Amino acid sequence: MAYSTWWWIVTGVLVALELATGTFYLLMLAIGGVAGALAAHAGASLATQMVVAALVGGVAVVACYLIRRRRPGDPSPRAERSVNLDVGEIVQIDGWNADGTAQIRYRGAPWTAIHRPGAEPRPGPHRVAELVGSRLLVDPD
C-alpha cells in the first residue's frame, strides 16, 4: 500500500476520533495528516512526509489553542434568562453583612444575595445577574 493511502487512513481515523470525543484539536492533527498525504502524493520521502505532517499539525494545534484562549468564554448558562427566569429581576437589599452577603426575601422565600467580586456593596435595588448555587448574584440597578 502506498504511503499516501496510510496518511489518508490516519486522517480518517483522527476525524472519526474527533467526532467521537468532540475535541477540536484532533481535527487540527487530521489537517497534519492531510499535509502528510499531500507530501506523499508529491513524491516526498517518508521522513519528509512525517516532518511536514508534524509541523502542519503542530502549528494548527497551537494556532487553535491561541485563538480559543484569546476569545472570551461563553457566558454561564446560569446567567441566561432563557435558562433561569430569575435573571434580570429586581430585588431590594436593605443592608449587607460583613461577609459580603445579604439576606433578602424574594418570591416569598428567604434568599442569600451576593455581589460581584470587587463591587462595592450598597443597599438599594439590585438586578439578579445569575444564580450561584442557591444564592443570587446581584448587580446594582
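Quantities reported herein were computed from a predicted structural model and do not represent experimental measurements.

J.: How do you make sense of the side chain of Thr11 when you look at a structure like this?
T.: Among the structural elements, Thr11 can be located in helix α1 (residues 3-21). Looking at Thr11, the relative accessible area reads 8%, which means it is buried. Once residues within four sequence positions are removed from consideration, Thr11 is found in contact with Ala30, Gly33 and Val34.

J.: Quick question: what am I supposed to make of a nonpolar patch on the surface here?
T.: On the surface, Met1, Tyr3, Trp6, Ile9, Val13, Leu17, Leu46 and Met50 cluster together into a nonpolar patch covering about 830 Å² of accessible area. Among the elements of the structure, α1 and α3 (46-70) are those that each provide at least two residues to the nonpolar patch. Top element by residues in the nonpolar patch is α1. It accounts for five residues. Locating Met50 in the fold gives a position in helix α3.

J.: Explain the pattern of salt bridges to me, please; I cannot follow it from the model alone.
T.: Pairing between side chains of opposite charge can happen when the charged atoms of each approach one another. In the structure shown here, the tally under the stated rule is three salt bridges. A salt bridge links Asp86 to Arg107; its shortest N-O distance comes to 3.2 Å. Taken as a pair, Asp86 in the loop between α3 and β1 (90-93) and Arg107 in the loop between β2 (101-106) and β3 (109-115) lie far apart in primary sequence, 21 residues in all.

Cut-off values and rules
Residues numbered from 1 in each chain as written. Predicted model: local features only at pLDDT ≥ 70, side-chain atom pairs only at ≥ 80, totals over all residues. Heavy atoms only, no water. Helix = DSSP H or I, 4+ residues; strand = E, 2+ residues; numbered from the N terminus. Buried < 20%, exposed > 50% of the residue type's maximum accessible area, 1.4 Å probe, protein only. Contact = heavy atoms within 4.5 Å. Patch = residues over 30% accessible without salt bridge, like charges linked within 9 Å, V, L, I, M, F, W, Y side chains within 5 Å. Areas by Shrake-Rupley, 256 points an atom, 1.4 Å probe, with all protein chains shown as cover. Salt bridge = Lys/Arg side-chain N within 4 Å of Asp/Glu carboxyl O.

All quantities given are derived from atomic positions and should not be read as evidence of function.
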